[in-house]
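Secondary and tertiary structure notes
The chain contents come next:
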Amino acid sequence: MTETTKILVVSDSHGFEGNLKKAIDKVKQFDIMIHLGDFESGLNRIKDMVSCELHMVPGNNDFGTGMDKDKVVQIGTHRFFLTHGHKYGVYYGMYGLYDKAKEHNCDVVLFGHTHKPLIKYMDNITLANPGSISLPRQNYSEPTFLMIEIDKKNEIHFSICKI
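As a starting point, this report considers the structure included with it. (Residues numbered from 1 in each chain as written. Predicted model: local features only at pLDDT ≥ 70, side-chain atom pairs only at ≥ 80, totals over all residues. Heavy atoms only, no water.)

**Some words on the pairing of strand 1 (residues 5-10)**
For strand 1, the tally of buried residues reaches five of six residues, placing the bulk of the element in the interior. Pairing geometry for strand 1 and strand 9 (residues 144-150), over five bridges, is antiparallel. Residue pairing across strands places V9 opposite L146, the latter belonging to strand 9. Inspection of the sheet shows strand 1 paired to strand 2 (residues 32-35) by four bridges, in the parallel sense. By the bridge assignment for strand 2, V9 is matched with I34. This β-α-β element, strand 1 to helix 1 (residues 18-27) to strand 2, shows right-handed connectivity. (Buried < 20%, exposed > 50% of the residue type's maximum accessible area, 1.4 Å probe, protein only. Helix = DSSP H or I, 4+ residues; strand = E, 2+ residues; numbered from the N terminus. Pairing = 2+ DSSP bridges. Right-handed = clockwise from strand over helix to strand, strands pointing away.)

As structure tokens, this is what we get:
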């Protein structure tokens, strides 16, 4: 890897793509976008918004997509486990996600569902939730997204961003 790889991660747009467009415009340049589900009726609109590599997994409100509920993606030397999170009890703890990451030899888990941003480190695994791009539930109630940068040394950096 010769340059920094920038990854825009969003979740829980629920058919409202206005804030997603704002996030895309704010970040301007990124290499990969990941949507972690509950896009609802916005699937094709989201695909049309970006020309970069795009990874998506469906959420508990996404029906009939034919997409895999979970996905493993290799980016550089990092393996990402992508899921919406609703099948792993994310309101009650991270151990279900942690176990899945270990099972798939992943060092990063990206999930949504709670509508609350989170970056948590468990052993050598990072668990990150971008919060909701449209319907936030954290105390300050601002839509959030996650930026991930993988630098030239393959070191990975996470930051929660507001619109």
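**Looking at the side chain of D38**
Mapping D38 onto the fold places it in the loop between strand 2 and helix 2 (43-49). Notably, D38 is buried but unbridged: the nearest opposite-charge side chain belongs to R137, and the N-O separation is 7.1 Å. (Lys, Arg positive; Asp, Glu negative; His and termini not counted. Salt bridge = Lys/Arg side-chain N within 4 Å of Asp/Glu carboxyl O.)

So, to be careful, I would describe these as geometric facts and stop short of saying anything about function.
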